[in-house]
Amino acid sequence: MKIMVTGANGQLGQELVKQLTVSEHELFAYTKTELDITNMDQVNAICEEIQPHIIINAAAYTNVDGAETNEELAFQVNATGQRNLAVAAEKVGAKICYISTDYVFNGQATTPYSEYMNVDPLGVYGQSKYAGEFLTQTLNTKYFIVRTAWVYGEYGPNFVKTMLKLAEEKSELGVVHDQVGSPTYTVDLAQFLIELVQTKKYGIYHCTNSGTCSWYEFAQEIFKLANKDIKVNPLTSDQFPRPAKRPAYSVLGDLSLRINGFGARRHWKDALNDYINKNNNL
Ligand SMILES: NC(=O)c1ccc[n+]([C@@H]2O[C@H](COP(=O)([O-])OP(=O)(O)OC[C@H]3O[C@@H](n4cnc5c(N)ncnc54)[C@H](OP(=O)(O)O)[C@@H]3O)[C@@H](O)[C@H]2O)c1
């Protein structure tokens with residue numbers, strides 16, 4: 001299979017490239033400099049030239065707070081950029097995979113969100129990602145939309161790295177405890193994406209590691225596994241105001257994974273343990 005990956009320099013993009021490089025597939029990976037997905041002509045030219053069987057779009061505008069003041073750019077990348085890839089994919093008969101987010105939900109639920117529940121994003125980032133989902137569903141006959149959450153991994157900045165860095169600088173830290181979700185290790189997410197896109201099991205999926213926690217509990221586990229002696233104090237979201245409102249509860253249920261016969265994701269604590277062990281020089 002010829003698999004094209006956009007946003008190849010991102011957290012998830014780099015992990016996909018790492019895993020696909022050693023797979024039996026032919027990989028065509030593009031960083032933002034090599035392919036700007038907002039450039040329709042460039043997207044079309046590349047797709048026509050390589051005739052991919054599968055396109056995984058890992059490119060995104062991911063600055064949740066920045067999106068509040070950069071609405072145009074967020075929509076340009078997350079919606080229109082995806083539209084460009086969607087149209088090009090359909091033209092060459094490729095399957096397309098769009099990565100989306102738990103931030104499409106408003107967080108008022110008290111049990112895990114299923115894939116086909118109504119969305120209601122609280123901020124511009126979530127709205128722009130939902131627009132990308134909508135365009136994909138409208139324009140593609142062979143699509144996968146995979147929502148994920150709280151992503152961390154070897155590449156790029158993320159919450160785990162931030163916490164470990166803060167542990168070097170401080171002896172005490174406040175972390176919000178009233179936002180609950182599920183952390184996701186890029187290694188597990190990329191593995192699932194590569195498995196999924198080879199099937200014809202099109203539709204919407206939720207993929208995170210299993211189990212849930214608050215950011216406060218996530219931070220505590222990071223410090224425990226990394227043997228960092230730092231006091232963590234629980235904060236409310238009101239005590240840590242941010243430009244974009246976050247969903248209070250954004251646990252993604254895995255109904256689609258189960259009914260389509262995909263294996264269960266490992267627990268977030270096991271995935272985190274693996275990550276910390278591999279990166280104990282952080
Ligand atoms: N990180 C999370 O916690 C999280 C949670 C839920 C869902 N997601 C979704 O998961 C996917 C992967 O996220 P991630 O954490 O890997 O994000 P990331 O590290 O920010 O990577 C996104 C990549 O896209 C690139 N990009 C931005 N604009 C582009 C454009 N116009 N054309 C081509 N590439 C462009 C970025 O390049 P520059 O850095 O040079 O701008 C970056 O390399 C995204 O769809 C995101 O919405 C992430």
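Everything quoted here is computed from the prediction, not taken from an experiment. (Residues numbered from 1 in each chain as written. Predicted model: local features only at pLDDT ≥ 70, side-chain atom pairs only at ≥ 80, totals over all residues. Heavy atoms only, no water.)

Could you give an account of the environment of Ala-190, naming the residues involved and the relevant values?
Here Ala-190 shows up in helix H6 (residues 186-197). Since its relative accessible area comes to 0%, Ala-190 is described here as buried. In the structure, Ala-190 is positioned 65 residues away from Leu-255 in sequence and 19 Å away in space, judged by C-alpha atoms. Beyond its immediate stretch of four places on either side in the chain, Ala-190 contacts Leu-12, Glu-15, Leu-16 and Gln-19. (Helix = DSSP H or I, 4+ residues; strand = E, 2+ residues; numbered from the N terminus. Buried < 20%, exposed > 50% of the residue type's maximum accessible area, 1.4 Å probe, protein only. Contact = heavy atoms within 4.5 Å.)

Go over the packing of helix H7 (residues 215-225) against helix H9 (residues 268-278), please, and point to the residues and values.
At their nearest, the axes of H7 and H9 sit 10 Å apart, and the two run at 40 degrees to each other. Between H7 and H9, the interaxial angle falls into the category oblique. Regarding H7 and H9, the two cross each other, and that crossing is right-handed. Between H7, through Glu-217, Phe-218, Glu-221, Ile-222 and Leu-225, and H9, the contact on the second element is made entirely by Trp-268, Lys-269, Leu-272, Asn-273 and Ile-276. By residue class, the composition of the contact of H7 with H9 is six nonpolar, one polar and three charged. (Axes fitted to C-alpha atoms, helices over the stretch in contact; angles between N-to-C directions. Parallel < 35°, antiparallel > 145°, perpendicular 65-115°, else oblique. Left-handed = near helix turned anticlockwise from the far one by under 90°. Nonpolar A, V, L, I, M, F, W, Y, C, P; charged D, E, K, R; others polar.)

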